[in-house]
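Here is what each chain is made of, one letter per residue.
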Amino acid sequence: MMKANTPRLALLVAACSLLAACAQAPKTLYQWEGYQPQVYEHFKGQSPQQQITELEKGLERIAAKGNVPPPGYRAHLGMLYAETGRDDLALQQLQAEKAAFPESAVYIDFLLKKYQK
């Protein structure tokens, strides 16, 4: 009788192991925190200050969790700062974007030249 239950027990253990492995959510490389909806709102004409407020909150949440914002997050925030006349913050965010994503250097350098004048 014990041998008849052995395959069932093995199957049950395998099924439980599979379910446990599937239950763990994969860690994403970046934390978006509302970035995509804010870009959409930008194109719809939402005020830059509202977007800045949301993106700043998002950066705080990302940092609090020890995560990294996605490519373009800081650059978008920097361009919003520039749009509202806060060039010092714009430069800070653009430089942070370039440091985090060196592959964006050509574009960020173009923006930095534009805002440093």
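Details of the structure are given in the entry above.
Note that this is a predicted model, so its numbers are computed, not measured.

## Some remarks on the overall build of the protein
Then step 1. Counting secondary structure elements, the protein contains six helices and zero strands.
Then step 2. Ordered by position in the sequence, the α and β elements of the protein form the string α-α-α-α-α-α.
Then step 3. When the 117 residues of the protein are sorted by exposure, 28% land in the buried category.
Then step 4. Carbon and sulfur atoms form 62% of the exposed surface of the protein, whose accessible area is close to 8100 Å².

## As for the packing of helix α2 (residues 35-44) against helix α3 (residues 48-64)
Helix packing for two helices is described by the angle between their axes and how far apart those axes are.
Then step 1. Two numbers describe how α2 lies on α3: the axes approach to 10 Å, and their chain directions differ by 170 degrees. Our classification of the angle between α2 and α3 gives roughly antiparallel. Between α2 and α3, the contacting residues are Tyr 35, Gln 38, Glu 41 and His 42 on the first element and Gln 51, Glu 54 and Leu 55 on the second.
Then step 2. The class makeup of the residues in the contact of α2 with α3 is two nonpolar, three polar and two charged.

## Overview of the packing of α3 against helix α4 (residues 73-83)
Then step 1. Direction vectors running N to C along α3 and α4 enclose 145 degrees, while the axes themselves pass 10 Å from each other. In this structure, α3 meets α4 at a crossing whose hand is left-handed. Facing Pro 48, Gln 51, Ile 52, Glu 54, Leu 55, Glu 56, Gly 58, Leu 59 and Ile 62 of α3, the residues of α4 in contact are Tyr 73, His 76, Leu 77, Leu 80, Tyr 81 and Glu 83.

## A closer look at a nonpolar patch on the surface
Then step 1. Among the surface-exposed residues, Leu 9, Leu 12 and Val 13 lie close enough to one another that they form a single nonpolar patch of about 290 Å² accessible area.
Then step 2. Tracing the backbone through its elements, the reader meets Val 13 in helix α1 (residues 2-23).
Then step 3. With a relative accessible area of 48%, Val 13 lands in the partly exposed category.

Parameters and conventions
Residues numbered from 1 in each chain as written. Predicted model: local features only at pLDDT ≥ 70, side-chain atom pairs only at ≥ 80, totals over all residues. Heavy atoms only, no water. Helix = DSSP H or I, 4+ residues; strand = E, 2+ residues; numbered from the N terminus. Buried < 20%, exposed > 50% of the residue type's maximum accessible area, 1.4 Å probe, protein only. Areas by Shrake-Rupley, 256 points an atom, 1.4 Å probe, with all protein chains shown as cover. Axes fitted to C-alpha atoms, helices over the stretch in contact; angles between N-to-C directions. Parallel < 35°, antiparallel > 145°, perpendicular 65-115°, else oblique. Contact = heavy atoms within 4.5 Å. Nonpolar A, V, L, I, M, F, W, Y, C, P; charged D, E, K, R; others polar. Left-handed = near helix turned anticlockwise from the far one by under 90°. Patch = residues over 30% accessible without salt bridge, like charges linked within 9 Å, V, L, I, M, F, W, Y side chains within 5 Å. Salt bridge = Lys/Arg side-chain N within 4 Å of Asp/Glu carboxyl O.

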